[in-house]
Amino acid sequence: MPTPTKGHRLGAGPAHERLMLANLATSLFEHDRITTTEAKAKRLRPLAERLITFAKRGDLHARRQVMTVVRDKDVVHKLFAEIGPKFAERPGGYTRIVKIGPRKGDNAPMAVIELVEALTAAQSAVKEGERARGTKSAPRKAATKRTAEIAEDAKAESPTAASVAEAAAESQVVIAADDVEADEAEADVDETAEADDAEVHEADVDDA
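Attention here is on the structure that accompanies the text. Bear in mind the structure is a predicted one, so any value in this text is a computation, not a measurement. (Residues numbered from 1 in each chain as written. Predicted model: local features only at pLDDT ≥ 70, side-chain atom pairs only at ≥ 80, totals over all residues. Heavy atoms only, no water.)

Quick look at unusual backbone geometry now. Although it is not a glycine, D32 sits at a positive phi angle of roughly 70 degrees. Position of D32 relative to the elements: it lies in the loop between α1 (14-31) and β1 (33-37). Residue D32 is classed as partly exposed on the basis of its relative accessible area of 31%. Although it is not a glycine, N107 adopts a positive phi angle of roughly 60 degrees. (Helix = DSSP H or I, 4+ residues; strand = E, 2+ residues; numbered from the N terminus. Buried < 20%, exposed > 50% of the residue type's maximum accessible area, 1.4 Å probe, protein only.)

So, in structure tokens, the structure goes:
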């Protein structure tokens, strides 16, 4: 009997292991999440993600490749019609494993393996922009008036609260200054454009 390439063998032999993983993958795609042992979940994850990658391709050859593992045609249809398009914008990591503690009886470590949520349209746009720029940028959050008021009220309670209030106020002032500078820059651009238009008009009048 051949030695498995990774981890312990599941079941009585290689054929039993293949059938067991195929049944687990079928149940995962049918119910979106299943509860099993940690060992089975870790062995199932690469197989499930490989099948989802086939579903993202969506061609006939990919469907036949999946049919060699998942024999239920209804599950295969769901995989290609729903699950594959849902992860069209995700480059990988379609499943998640969450440990839930030991099982009663044999104390085997249990886990839940489930399909993750698809990226929203906004997250997809951010990912595309990051790929185009080759950088990653975190959105800047401005301090709201309510945050500043709460920090001011907490100033008298402790030095830590006072420092937090000062930081919030400084960030709000900096952001307000940035907004003023941006408005001034836009006003300068508008004035320059108007002056250029006036000069062009005067030149046209002189030529006439």
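Here we take up the packing of helix α2 (residues 38-57) against helix α3 (residues 60-67). Axes are the key here: two packed helices are described by the angle between their axes and the distance separating the axes. Look at α2 against α3: their axes get within 8 Å of each other, and the N-to-C directions meet at 155 degrees. Classed by the angle they form, the pair α2 and α3 counts as roughly antiparallel. The handedness of the crossing between α2 and α3 comes out as left-handed. Contacts from R50, L51, F54 and R57 of α2 reach α3 at H61, A62, Q65 and V66. (Axes fitted to C-alpha atoms, helices over the stretch in contact; angles between N-to-C directions. Parallel < 35°, antiparallel > 145°, perpendicular 65-115°, else oblique. Left-handed = near helix turned anticlockwise from the far one by under 90°. Contact = heavy atoms within 4.5 Å.)

The biggest cluster of nonpolar side chains holds 29 residues, and the ones touching the most others in it are F29, L44, L51, I52, V66 and L79. If you list the elements that add at least two residues to this core, you get α1, α2, α3, α4 (73-86) and β3 (109-115). The dominant element in this core, judged by the number of residues it contributes, is α2, at eight residues. Residues in contact with V66, not counting those within four places in the same chain, are L51, F54, V76, L79 and F80. (Core = buried A, V, L, I, M, F, W, Y, C linked by side-chain atoms within 4.5 Å.)

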